[in-house]
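# Tertiary structure, described
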Amino acid sequence: MLGVVIEPSLLELAFTHRSFAYESASKETNERLEFLGDSVLGLIVTEELYKRYPEFDESRLSPLRSGVVNMRALADIARELDLGKYIRLGKGEEVTGGRDKNSLLADALEAVIGAIYLQCGFEICTQIVRRLIAPTLDSAVARGAGLDGKTALQELVAALNRGVPEYLVSEDGPDHDKNFTAVAMVEGLSVGEGVGKSKREAEQIAARIAYESLKNEPV
């Protein structure tokens with residue numbers, strides 16, 4: 001699907017979730033490949049944004065990158081590639097719908113990117129990642145993801161005379177792999193929810209979603 005050949009054992013490792021490894025008494029999981037792929041992906045996306053938008057400063061590039069490299073966006077790319085059917089899961093994850101969980105799909109995609117990098121090198125990996133993220137990047141720009149979401153939402157809420165947005169943040173997962181969920185609240189009501197690998201990323205996503213839901217309200 002990606003136009004490259006990956007060594008079978010490396011590809012198998014990229015799809016080995018820790019639940020499968022635990023149940024099969026194996027020590028090998030895709031977490032190291034995921035760690036590598038996350039860094040490679042971040043560098044490729046950052047370089048792409050840096051070159052594509054020379055007029056953007058860091059305050060615009062950073063949230064735009066978060067609009068591309070976040071759990072939900074990566075999971076959507078993984079779904080387009082139908083990666084879920086290849087993930088090796090333990091029985092517990094299997095029965096709870098693990099094949100369609102955003103976190104597992106995003107992790108698997110990052111692990112595959114790590115495998116491509118090891119097998120094919122940075123140049124070929126860059127070409128593949130650019131192709132994969134192109135629609136997501138274009139969509140993020142169209143949604144205004146290059147703007148600071150929290151600032152945009154605060155200004156909109158003020159213009160609507162609805163007070164100041166607040167954010168409720170929760171976290172789950174082990175210390176080395178935490179996921180954060182942020183809920184944007186306006187006048188005590190939930191108007192947007194975001195999930196990310198950091199509190200800041202989750203709040204930015206929630207703010208942008210909230211902005212989209214409120215922007216057409218009459219001032």
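Nothing here was measured: the structure is a model prediction, and the numbers come from that model.

## Details of the overall build of the protein chain
Broken down by element type, the protein chain carries ten helices and three strands. Going from N to C terminus, the protein chain has its helices and strands arranged as α-α-α-α-α-α-α-α-α-β-β-β-α. Its C-alpha radius of gyration of 19 Å places the protein chain within 12% of the 17 Å reference for a compact globule of 219 residues. Taking the intrachain contacts of the protein chain between residues at least 6 apart in sequence as the baseline, contacts between residues at least 24 apart amount to 61%. Accessible area of the protein chain: about 11,600 Å², with a carbon and sulfur share of 54%. Here the protein chain carries 25 positive and 35 negative side-chain charges, and the mean point of each set is 1 Å from the other.

## Observations regarding the environment of isoleucine 77
Tracing the chain through its elements places isoleucine 77 in helix α5 (residues 71-80). As for isoleucine 77 and threonine 136, which are separated by 59 residues in sequence, their C-alpha atoms are 8.2 Å apart. Residues contacting isoleucine 77, with those up to four places away along its chain left out, are Leu109, Leu132, Ile133 and Thr136.

## Looking at the pairing of strand β2 (residues 179-186)
Burial runs high along β2: eight of the eight residues are buried. Of the two faces of β2, the one lined by Asn179, Thr181, Val183 and Met185 and the one lined by Phe180, Ala182, Ala184 and Val186 are each fully buried. As judged from the seven bridges shared by β2 and strand β3 (residues 189-196), these two strands associate in the antiparallel manner. Bridge pairing links phenylalanine 180 to glycine 196 in β3. Counted between consecutive antiparallel strands, the loop separating β2 from β3 contains two residues, among which glutamate 187 sits at a positive phi close to 55°.

## Things to note about the packing of aromatic side chains
Here the distance between the centres and the angle between the planes together describe a pair of aromatic rings. Applying the stated criterion across every chain yields a total of one aromatic pair. Relative to tyrosine 86, the ring of phenylalanine 15 has its centre 5.7 Å away and its plane inclined at 40°; by these criteria the two rings are tilted. Of this pair, phenylalanine 15 sits in the loop between α1 (8-14) and α2 (18-23) while tyrosine 86 sits in the loop between α5 and α6 (91-95), and the two are 71 residues apart along the sequence. The class for tyrosine 86 is partly exposed, based on a relative accessible area of 38%.

## Remarks on the nonpolar core
In this structure, Leu41 and Leu109 are the most contacted members of the largest nonpolar core, which totals 44 residues. Those elements that place two or more of their residues in this core are α1, α3 (31-52), α4 (58-68), α5, α7 (102-120) and α8 (122-142). The greatest single-element share of this core, amounting to ten residues, is contributed by α7. When neighbours within four sequence positions are excluded, leucine 41 is seen to be in contact with Val69, Leu74, Glu110, Ile113, Val129 and Ile133. In this structure, Ala184, Val186, Ala207 and Ala210 belong to the second largest nonpolar core, which totals 15 residues.

## Digging into the sheet that holds strand β1 (residues 166-172)
Here we have three strands laid out as an open sheet, ordered β1-β2-β3, and antiparallel in their pairing. Two strands in the sheet have a free side with no partner beyond their single neighbour: β1 and β3. Here the average twist between neighbouring strands, direction ignored, is 20°.

## Looking at α7
Helix length check: α7, at 19 residues, gives a terminal C-alpha distance of 27 Å against a target of 27 Å (1.5 Å per residue), a fit within 8%. The buried count for α7 comes to 14 of 19 residues, which makes it a mostly enclosed element.

## Quick notes on helix α9 (residues 149-159)
The complete set of buried residues in α9 reads Gly149, Ala152, Leu153, Leu156 and Val157. On an axial view of α9, the arc spanned by its buried residues comes to 130°, and they lie on one face. Residues of α9 that are exposed and point more than 90 degrees away from the buried face comprise Glu155 and Ala158. Looking at the buried side of α9, the elements it contacts are β1, β2 and α10 (199-214). Directly after α9, the chain includes asparagine 161, whose backbone phi takes a positive value near 60°.

Criteria and thresholds
Residues numbered from 1 in each chain as written. Predicted model: local features only at pLDDT ≥ 70, side-chain atom pairs only at ≥ 80, totals over all residues. Heavy atoms only, no water. Helix = DSSP H or I, 4+ residues; strand = E, 2+ residues; numbered from the N terminus. Rg over C-alpha atoms; globule rule 2.2 N^0.38 Å. Contact = heavy atoms within 4.5 Å. Areas by Shrake-Rupley, 256 points an atom, 1.4 Å probe, with all protein chains shown as cover. Lys, Arg positive; Asp, Glu negative; His and termini not counted. Charge placed at Lys NZ, Arg CZ, Asp CG, Glu CD. Buried < 20%, exposed > 50% of the residue type's maximum accessible area, 1.4 Å probe, protein only. Pairing = 2+ DSSP bridges. Phe/Tyr/Trp six-rings, centres within 6.5 Å; stacked < 30°, edge-to-face > 60°. Core = buried A, V, L, I, M, F, W, Y, C linked by side-chain atoms within 4.5 Å. Axes fitted to C-alpha atoms, helices over the stretch in contact; angles between N-to-C directions. Expected span 1.5 Å × (residues − 1). Arc of directions from axis to C-beta.

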